[in-house]
Amino acid sequence: MIGNDGVRNDLRMLPGEMLALARQTAELLVQRIENLPEEDAWAGEFRQELEDHLMKPPPEEGRSASQVIEEAANEILPTALRLDHPRCFGFIPSQPTWPGILADFMVAGFNVNQSSWLISSGPSQLELTVIDWFRHWIGYPESAGGILTSGGSAANLDGLVAAREAANNPERGILYMSDQSHGALVKAARIMGIHPECIRMIPTDERFRMDMDALVETVAVDRAAGLSPVAICANAGTSSSGAVDPLETMADYCEAQNIWLHVDAAHGGFSLVTEGGKKILRGIERADSIVLDGHKWFYQPYEVGSLMVKDLRTLERVFASKQDILQDTIWGADHPNFSDRGLQLSRSVRALKIWMSVQIFGMAAFRRAQSHGMMLAHRIEEYVEESSVLEMLAPVALGIACFRVNPTNTELDKDALETINRIVLARVFWEDRAFISSTRLRGALALRMCVINYTTTWNEVRETLEAVSKFGAESLIQDPPPR
Ligand SMILES: Cc1ncc(COP(=O)(O)O)c(C=O)c1O
């Protein structure tokens, strides 16, 4: 394109072409969403295949934009786990709302850098609004605040850094978490320079919840040795089984002992919008810091997590930084610069997708979708309990069910159970449209279904359970594993 100065500017496009490409992209996306249920939930490929196709030097001259978009949509992006497929039950699936997807498109188009009030007043106010919604859902006081992050890992890191800065004796600091806690906490500790020998993995009870006696004893032993707790990390929905730690008891203990309570609610936090979730997470409002993940159970496109803290000052004390280059961005009180609340300086407008989704659908729709996920998880539990082939390996708390093949009429030892369940997992992977993943609970291989996608119905869940049962029964008949 030739600019108004007569100089060639190759990176610009004419409005008509821009619109045509945007329309083409939107059509491809809507088509994908429509066709998804008929496809497999998983479509990965080995590296060699992909490398042969994709590992090419960048072209010196550009080619047809329309063709490039088709190629991305047909040959690159679909080669992945379709986390929004109604039969995708692996890991933590997610189904972004269409307004959320459009919001991310708009955010990129408006090109706002939401680092400071000067640079992004409107979007900054929107983030304050969304953070205030979260504050209400949690039941936090006025003093609370937070920030939207790239995800749960970043939010956990920011929260633990705030805890460490607030600790009495951070040099001799110890971090406590349960043996079910997410690896993101260990990673955060490593980034913070907390060595593995300063992390205490506390055992869990039969429901995979923090064993309070073990926690209390461990803290006492450490304190007697001159060490100081940095924080105690609770889970509000472990990623393995969805277990929720005893939040009220932990809050009582942390208050009495003056220890920072950090809750990783990346999986379960947004269930707070429902009455059921509020009951399950009672006590969370007493935590010093809480991690939520909007790209999990609030149906948003990647990436959006959140760190909430009971006292906003604990966050700003750590992350506010002065730089000459940014001196013009200081507006003073009540005009926060979000870069003063976390790691990132340049940030995208993550609040827009949450705000637009809620404006367009309303909270009642979110509440129903959340409750639907919890209901599906409980129906799996009922199904498994009535089955003669399957058994539950953990009680259902939120949106995850863990079970395995273990027929009631057969005595199978540990190794045989491992073999059979591995076979079943592999057969679901290769032969069924669904995708489930596994975990380990007390050393046992658990088949794990996370059912928080709002397009998943009981039919898809039931058919997957039927396939698991069938594969389980067949693996016993065809190839009885050694006793
Ligand atoms: C409990 C929990 N914490 C933290 C994380 C990490 O979050 P993210 O993947 O958004 O970084 C996850 C992700 O699955 C999680 O389930």
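Here, the structure is the one placed above.
We now turn to the structure provided with this report. Treat the numbers as computed from the prediction; the structure is a model and nothing was measured.

### Quick notes on the site of the ligand
No. 1: Within the structure, the ligand sits among Ile92, Gly151, Gly152, Ser153, His182, Ala184, Ser239, Asp264, Ala266, His267, Asp293 and Gly305.
No. 2: Tallied by class, the residues present in the shell around the ligand amount to 3 nonpolar, 7 polar and 2 charged.

### Points about the sheet that holds strand β9 (residues 400-405)
Paired through backbone hydrogen bonds, the strands of a sheet run either parallel or antiparallel to each other.
No. 1: With respect to topology, 4 strands assemble into an open sheet ordered β8-β9-β11-β10, the strand pairing being antiparallel. Of all strands in the sheet, those with a lone pairing partner are β8 (390-392) and β10 (437-441), marking the two edges. Within this sheet the neighbouring strands show an average axis-to-axis angle of 45 degrees, counted without direction.
No. 2: Bridge count between β8 and β9: 3 bridges; the pairing is antiparallel. The partner of Glu391 across the bridge, within β9, is Arg404.
No. 3: Helix α15 (residues 414-431) contacts β9, β10 and β11 (444-450) of the sheet and is inclined by roughly 30 degrees relative to β11.

### Quick notes on unusual backbone geometry
No. 1: Cis rather than trans, the peptide bond between Tyr302 and Glu303 has omega equal to 10 degrees.
No. 2: The residue Glu303 is located in the loop between α11 (294-297) and β7 (305-309) in this model.
No. 3: The phi dihedral of Asn111 falls on the positive side, at around 55 degrees, and the residue is not glycine.
No. 4: Residue placement: Asn111 occurs in the loop between α4 (98-110) and α5 (121-138).
No. 5: Asn111 sits in the exposed class, given 8 other C-beta atoms within 10 Å.
No. 6: At Arg442, a position not held by glycine, the phi torsion is positive, near 50 degrees.
No. 7: You can see Arg442 is positioned in the loop between β10 and β11.
No. 8: On the basis of neighbour count, Arg442 is assigned to the exposed category, with 11 C-beta atoms found within 10 Å.

Conventions used here
Numbering of residues begins from 1 in every chain and follows the order in which that chain's sequence is written. A pLDDT threshold of at least 70 governs which residues receive local features in this predicted model, and a stricter bar of 80 or more applies before side-chain atom pairs are shown or counted, although totals over entire chains, interfaces and linings include all residues. Being near a molecule or strand means, for a residue, that its backbone-placed C-beta atom lies within 6 Å of it. Gly falls in the polar group here, along with every residue not listed as nonpolar (Ala, Val, Leu, Ile, Met, Phe, Trp, Tyr, Cys, Pro) or charged (Asp, Glu, Lys, Arg). When DSSP finds two or more bridges between two strands, those strands count as paired. In this description a helix means any DSSP run of H or I spanning at least four residues, a strand means any run of E spanning at least two, and both kinds are numbered starting from the N terminus. Axis angles are defined between N-to-C directions and span 0 to 180 degrees, where every axis is a line fitted to C-alpha atoms and, for a helix, only to the segment in contact. We call two residues in contact when the distance between their C-beta atoms, placed using the backbone, is within 7 Å. Our exposure labels follow a C-beta count within 10 Å of each residue's own C-beta, placed from the backbone: buried means 20 or more other C-beta atoms, exposed means 12 or fewer, and partly exposed covers the counts in between.

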